[in-house]
Amino acid sequence: MMKIYRTQDKQLTRVDDMSEGAWICLTSPTDEEVRRVAATLDIEPTDIVAATDPEETARISLEDGYTVIIVDIPIKVDGASEGVYTTIPLGILLTQELIVTVCSADTAVVGDFAACRVKGFSTRKKMRFVYQLLYRAATMYQQELRLIDRRRQAIEKKWIKMRASINKDKIIIISDTVNDGFPEYFRRLKTRKVFSNQRLPLACYEAVINRSRDDINARNHSGSDNRFSQCFSIEII
């Protein structure tokens, strides 16, 4: 799509001619539009379509009669969750008479100028227009970086809360009287209050419980863990 704008009496208007002071806005241009702009402004077609290649790298090059500026700008990913962005190239071609912007998709960086949401914008002031485009892209990057930072902080808080909850996992001995079926080492652990005062990984608790269950069942020769279950339980806080 090709749109041509010109600032007249401090108002941005649509025009049809590529005359001095105009802004040619190309969004995913067709081959016919590329040929028309290239022939009218004496620009290489490859320089125009370069910005439509997602793999094109940012660069500045001085050509015969014009300057090519390509920068990466942020754009929201279609179909992704809110706040998911990627980058695409934006091409700025600066001639002696006018300025051309080329992009493979509609973006807020260029769209804000077309919608007259940028203060002090004029198509006749080409260099200031270039600076405003670059500043607009940098501003959008800053906005997205702040969003990423807020999400990082939220994830960290959630992780710290989850870690604190895991560290509070403990085994509470329900029965103060441990029957003779318990191994001696388990009574020593209980006497030292390992399970009530120390913060150990849950895997350590499970290892002690499994070992105790095996010892109790082996001594009872019954294969039942009812006596074991009556003596203590696990409470996850």
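Residues numbered from 1 in each chain as written. Predicted model: local features only at pLDDT ≥ 70, side-chain atom pairs only at ≥ 80, totals over all residues. Heavy atoms only, no water.

Visitor: Would you mind going over a negative patch on the surface in detail, with residue names and values included?
Guide: Residues D42, E44, E63 and D64 make up a contiguous surface patch of negative charge. For E44, the position within the fold is in the loop between α1 (31-41) and α2 (45-49). (Patch = residues over 30% accessible without salt bridge, like charges linked within 9 Å, V, L, I, M, F, W, Y side chains within 5 Å. Areas by Shrake-Rupley, 256 points an atom, 1.4 Å probe, with all protein chains shown as cover. Salt bridge = Lys/Arg side-chain N within 4 Å of Asp/Glu carboxyl O. Lys, Arg positive; Asp, Glu negative; His and termini not counted. Charge placed at Lys NZ, Arg CZ, Asp CG, Glu CD. Helix = DSSP H or I, 4+ residues; strand = E, 2+ residues; numbered from the N terminus.)

Visitor: I'd like a rundown of the nonpolar core, residues and numbers included.
Guide: W23, I73 and L90 are the most contacted members of the largest nonpolar core, which has 24 residues in total. Looking at this core, the elements that each hand over two or more residues are β3 (22-27), β5 (66-76), β6 (85-95), β7 (99-103), α3 (108-114) and α4 (126-167). In this structure, V15, M18, A50 and V100 belong to the second largest nonpolar core, which totals 22 residues. (Core = buried A, V, L, I, M, F, W, Y, C linked by side-chain atoms within 4.5 Å. Buried < 20%, exposed > 50% of the residue type's maximum accessible area, 1.4 Å probe, protein only.)

Visitor: An account of the sheet that holds β5 is needed here, citing residue identities and associated values.
Guide: In spatial order, the strands read β2-β1-β3-β7-β6-β5-β4; together these seven strands make up an open sheet with mixed pairing. Two strands bound the open sheet, and with one partner strand each, they are β2 (11-15) and β4 (59-62). Ignoring which end each strand starts from, the neighbouring axes of this sheet average 25° apart. In this structure, β3 lies alongside β7, joined through five bridges in parallel fashion. Bridging from a neighbouring strand, T27 pairs with C103 of β7. (Pairing = 2+ DSSP bridges. Axes fitted to C-alpha atoms, helices over the stretch in contact; angles between N-to-C directions.)

Visitor: Can you explain unusual backbone geometry? Please cite residues and give values.
Guide: Of note in this structure, D9 is not a glycine but carries a positive phi near 55°. Within the secondary structure, D9 is located in the loop between β1 (2-8) and β2. Non-glycine residue K10 carries a positive phi angle of around 65°. If you trace the backbone, K10 turns up in the loop between β1 and β2.

Visitor: Run through α1, naming residues and quoting values.
Guide: The complete set of buried residues in α1 reads E33, V34, V37, A38 and L41. Seen end-on, α1 carries its buried residues on one side only, within an arc spanning 125°. The outward face of α1, more than 90 degrees from its buried face, is lined by the exposed residues D31, E32 and A39. For α1, the elements touching its buried residues are β1, β3, α2 and β7. Of the residues one or two after α1, D42 is the one with positive phi, at around 55°. (Arc of directions from axis to C-beta. Contact = heavy atoms within 4.5 Å.)

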